[in-house]
Amino acid sequence: MKIPHEITILVDSREKCPLLFPAILRYADQGGTIHAVHLKTARAALEVGDYCIQGYPLCGVVERKGSVREVCSNLLTGDRRRATSAFLRLGTSQVPVLLLDFHIQDFFPDDPAEAVNACNALGRLLDLPGKCGKAVHVVAAGGCKSAGSRRKLGAFVATLLLRALEWHDAPD
């Protein structure tokens, strides 16, 4: 596949603190050739996930969760049905990715009251890939809050989406 010189990454309009993306991404294709890919972003109400490449909405999709509190809110409250449905739609992607943008240790708080919710949320989160019938790539990012770390995580997500595009166009 020919690597595009420019891509637009669609960012879900409901993302409260979206990742930042470099203007130019150095991308190594599967053959090891380095490409300078110009990145643009556009906000849109995405049907699946929080990030994808424009024109390839189901090739690679990244669903980002920013905290254990968000996971608990999604999976342990009245929002559970909607959040589960959204996660199941993630399974329609060829390369579905769940990006945990927080420290994994946050699932194991010292406060026993918080630990119950975190433990339940983690269990439900781990059950979701089995419900969607597809392996989901889970990436733990470690809490990228500063602009610099959100831009580096954005570069990682762009790289991942470009690789999904290569896999999508690769002959079987």
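Up top is the structure these notes are about.
Keep in mind it's a predicted model, so treat the numbers as computed, not measured.

Cut-offs and rules
- Residues numbered from 1 in each chain as written.
- Predicted model: local features only at pLDDT ≥ 70, side-chain atom pairs only at ≥ 80, totals over all residues.
- Heavy atoms only, no water.
- Helix = DSSP H or I, 4+ residues; strand = E, 2+ residues; numbered from the N terminus.
- Expected span 1.5 Å × (residues − 1).
- Buried < 20%, exposed > 50% of the residue type's maximum accessible area, 1.4 Å probe, protein only.
- Contact = heavy atoms within 4.5 Å.
- Polar contact = N/O pair within 3.5 Å; in protein donor to acceptor, adjacent residues only side chain to side chain.
- Core = buried A, V, L, I, M, F, W, Y, C linked by side-chain atoms within 4.5 Å.
- Salt bridge = Lys/Arg side-chain N within 4 Å of Asp/Glu carboxyl O.
- Patch = residues over 30% accessible without salt bridge, like charges linked within 9 Å, V, L, I, M, F, W, Y side chains within 5 Å.
- Areas by Shrake-Rupley, 256 points an atom, 1.4 Å probe, with all protein chains shown as cover.
- Lys, Arg positive; Asp, Glu negative; His and termini not counted.
- Charge placed at Lys NZ, Arg CZ, Asp CG, Glu CD.
- Pairing = 2+ DSSP bridges.

Peer 1: I'm lost on helix 3 (residues 112-132) in this one. Help?
Peer 2: Because an α-helix packs 3.6 residues into every turn, residues spaced three or four apart end up facing the same way. The end-to-end C-alpha separation of helix 3 is 31 Å, in line with the 30 Å expected for 21 residues at 1.5 Å each. Turning to helix 3, its buried residues are A118, A121, L122, L125, L128, P129 and C132. Contacts made by the buried residues of helix 3 are with helix 1 (68-76), helix 2 (80-90) and strand 6 (95-100). Where helix 3 begins, the side chain of D111 points an oxygen toward the backbone nitrogen of A113, at a separation of 2.9 Å.

Peer 1: I would appreciate a short explanation of the nonpolar core in the present structure.
Peer 2: One finds I9, F21, L39, Y51, V62, V157 and L162 to be the most contacted residues of the largest nonpolar core, which totals 28 residues. If you tally residues by element for this core, the top one is helix 4 (residues 147-169), at nine residues. By size, the runner-up hydrophobic cluster in this structure holds 23 residues, among which are V48, V68, F87 and L122.

Peer 1: Quick question: what am I supposed to make of the pattern of salt bridges here?
Peer 2: Oppositely charged side chains can form a pair if their charged atoms are brought close together. Under the criterion given, the structure shown has eight salt bridges. R14 serves as the salt-bridge partner of D12, at 2.7 Å between the closest nitrogen and oxygen. What makes R14 exposed here is its relative accessible area of 54%. One network of salt bridges, with partners in common, ties together E15, R64 and D101.

Peer 1: Quick question: what am I supposed to make of a positive patch on the surface here?
Peer 2: Taken together, the side chains of R80, R81, R124 and K131 define a basic patch exposed on the protein surface. The residue R124 is located in helix 3 in this model. Overall, the relative accessible area of 30% leaves R124 in the partly exposed class.

Peer 1: Would you take a moment to explain the environment of Q105 for this structure?
Peer 2: Here Q105 lies in the loop between strand 6 and helix 3. Taking the relative accessible area as the measure of exposure, Q105 reaches 57% and is therefore exposed. The spacing of Q105 and V68 is 37 residues in sequence and 9.7 Å in space, taken between C-alpha atoms.

Peer 1: Got a minute to help me understand the pairing of strand 1 (residues 6-12) in this structure?
Peer 2: For a regular strand, side-chain orientation follows a simple rule: the groups alternate between the two sheet faces. Of all seven residues making up strand 1, six are buried, and the element is well covered by its neighbours. Taken together, the seven bridges between strand 1 and strand 3 (residues 34-44) define a ladder with parallel strand orientation. Within strand 3, the position partnered with I9 by the bridge is T41. Of the strand pairs in this sheet, strand 1 and strand 4 (residues 51-53) are connected by three bridges, and their pairing is antiparallel.

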